[in-house]
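Here is what each chain is made of, one letter per residue.
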Amino acid sequence: MTNRRVLAAAITVAVLGGGSVAFVMWRSTAEREERVQTLVDAVASELALEKPEPADLRDLLRDRLDRAPESETKLALLEQLSELAETRLESPEDSLDFALQMLDVQKTHAQGRARVERLLAALKRWDDLMMYFETWVKEAEGTDAVEELRLLVKIGEIREREMEDADGAAEYFEKVLAREPNHTMALAALARIHERNGDWA
């Protein structure tokens, strides 16, 4: 039986950039899949093994996570775990759980937030996504106008298109216009909502 400590060490080398696999932010499904495959191949090559099962990789990465002393290391391992759960284990709920743990480590972590946003949308957990967006809007107020505006637009879009809450959507598009009066998307959305509701004066 393969020595689990040796395999775990090899995975850590792959994940944290000590070997040929550097930890990076993945921007597309194809790239994420490629990076997970690279991780699997790197571990197999390191130990001259057949490709390990994804579930074994998950367990070993969890073991490393439990013993990781630094936040940066934990974040790297959690993102790998989230990616592995999504692309190889086909478990978006587990992937989301690991992404949320990234925010437990660092609540403003950009990659973690992007992952949580994407996974909640994929799972159509709109109420949960709205809760996180509301929190992030409050945190962005006065510090990041661009992100605040993006989130307000996203809330409006999701309320209108996914939650069928036209009045709630209009409220957020109004907030967008209060910050940027000529915001084209918000203006068009409000016109569409008012026309649908027959609200034109």
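Please refer to the structure higher up on the page.
This section reports on the structure supplied with the text.

What counts and how
- Residues numbered from 1 in each chain as written.
- Predicted model: local features only at pLDDT ≥ 70, side-chain atom pairs only at ≥ 80, totals over all residues.
- Heavy atoms only, no water.
- Helix = DSSP H or I, 4+ residues; strand = E, 2+ residues; numbered from the N terminus.
- Contact = heavy atoms within 4.5 Å.
- Core = buried A, V, L, I, M, F, W, Y, C linked by side-chain atoms within 4.5 Å.
- Buried < 20%, exposed > 50% of the residue type's maximum accessible area, 1.4 Å probe, protein only.

To continue, consider the side chain of serine 91. Structurally, serine 91 can be placed in the loop between α4 (71-87) and α5 (92-105). Not counting residues within four places of it along the chain, the set of residues in contact with serine 91 comprises Ala85 and Glu86.

Our focus in this paragraph is unusual backbone geometry. Non-glycine residue lysine 124 carries a positive phi angle of around 60°. Locating lysine 124 in the fold gives a position in the loop between α6 (110-122) and α7 (126-140).

Counting residues in hydrophobic clusters, the biggest one holds 29 residues, and the most contacted among them are Val116, Leu129, Phe133 and Phe173. When residues of this core are traced back to their parent elements, those giving at least two are α5, α6, α7, α8 (145-161), α9 (166-179) and α10 (184-197). Excluding residues within four positions of it along the chain, phenylalanine 173 makes contact with Val153, Gly156, Glu157, Glu160, Ala186, Ala189, Leu190 and Ile193. Counting residues in hydrophobic clusters, the runner-up holds twelve residues, among them Leu65, Ala68, Leu75 and Leu78.

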